[in-house]
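Letter by letter, the chains look like this.
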Amino acid sequence: MKIEYLTHAGVLIERSPDRQQQAVERYVVLQPRIAHRAEQDRIGALRQIVPWLLGTAFALYAMEFLSIMAWLPTYLIDTRGMSATAASLIGGVDVAFKLVGCLGGSFLLRMNINRGVIVVVTFVCLAIFANLLFASSLPEGLRFAAALGISAVGGLIPAVAFSGSARYAREPGEVGVLHGLVVQLANVGQVLGPPVVAAAVTHFGTWDAALWVMMGCCTAGLAVGLLITRLEAADRR
């Protein structure tokens, strides 16, 4: 008797008259169990605290970074009288410097530095650079260097956050779940940042209000980084 084979969802089915029904029954019984187990694994991955904290750090950074990049040209035109072309070029160069931080973050992670420590140092530097950027008494060159510093140092956060997806995935199938979590939290920060800054500047009538928003993000990011530091240090013991 000729026997044909086919695969369906990874299950081999023998298409012989005497065994086809038995194979189908096995598939019907096992498939829901496999799907339920996969769902439980995904839920278990999301129950870990550190991936949520890394995503929150990314969201706070994204909120600050997108606020600067979205409003920097407008800020330069309103307060420094720059042309639209010059202000846009400065913004473009500023964004390009983010690559420095992303590459630097990979280097630091290879040195096995605690992710929380990197987050803490990053938000401290972001707070310093933000104050320099909005200090009207400083020379233009120094303020521009501060804007570049925000991009360069801030680029450490994405590298740290995405590396956590692989670090805290208990099996390869969970990497995508944790990666998606980080991305979605970062998207929240990107969406909230510019309108929050715009509302603050409009309400208080000064660009200094943008600095207050950024300092709030840095303070929250510092607290998140300290918690990550503590949890990762405990995990390494």
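In what follows, the accompanying structure is described. Here the structure is a predicted model, which is why all the values come from computation and not from measurement.

**Notes on the overall build of the chain**
Within the chain, the secondary structure is distributed over nine helices and two strands. Out of the 237 residues in the chain, the part that is buried amounts to 40%. Considering only contacts within the chain whose residues lie at least 6 apart along the sequence, 73% involve residues at least 24 apart.

**A short note on helix H6 (residues 140-154)**
Taking 1.5 Å per residue, 15 residues should reach 21 Å; H6 reaches 21 Å between its end C-alpha atoms and fits that length. Buried residues of H6: Arg143, Ala146, Ala147, Leu148, Gly149, Ile150, Ser151, Ala152, Val153 and Gly154, and no others. Of the surrounding secondary structure, the elements contacted by the buried residues of H6 are helix H2 (49-80), helix H3 (84-96), helix H4 (98-110), helix H5 (115-133) and helix H7 (156-168).

**Some words on the side chain of Glu232**
Tracing the chain through its elements places Glu232 in helix H9 (residues 208-236). Relative accessible area serves as the criterion here: at 3%, Glu232 is assigned to the buried category. When near neighbours in sequence (up to four residues on either side) are disregarded, Glu232 contacts Val50, Asn114, Arg115, Gly116 and Tyr168.

**Considering a nonpolar patch on the surface**
A cluster of nonpolar residues, Val188, Val191, Leu192 and Val196, forms a patch on the protein surface that exposes about 320 Å² of accessible area. Secondary-structure assignment places Val191 in helix H8 (residues 175-204). Owing to a relative accessible area of 59%, Val191 belongs among the exposed residues under this scheme.

**Thoughts on unusual backbone geometry**
At Asn112, a residue that is not glycine, the phi angle is positive and equals roughly 65 degrees. Checked against the element boundaries, Asn112 lands in the loop between H4 and H5.

So, how was this worked out
Residues numbered from 1 in each chain as written. Predicted model: local features only at pLDDT ≥ 70, side-chain atom pairs only at ≥ 80, totals over all residues. Heavy atoms only, no water. Helix = DSSP H or I, 4+ residues; strand = E, 2+ residues; numbered from the N terminus. Buried < 20%, exposed > 50% of the residue type's maximum accessible area, 1.4 Å probe, protein only. Contact = heavy atoms within 4.5 Å. Expected span 1.5 Å × (residues − 1). Patch = residues over 30% accessible without salt bridge, like charges linked within 9 Å, V, L, I, M, F, W, Y side chains within 5 Å. Areas by Shrake-Rupley, 256 points an atom, 1.4 Å probe, with all protein chains shown as cover. Salt bridge = Lys/Arg side-chain N within 4 Å of Asp/Glu carboxyl O.

Purely geometric stuff here, so don't read any function into it on its own.
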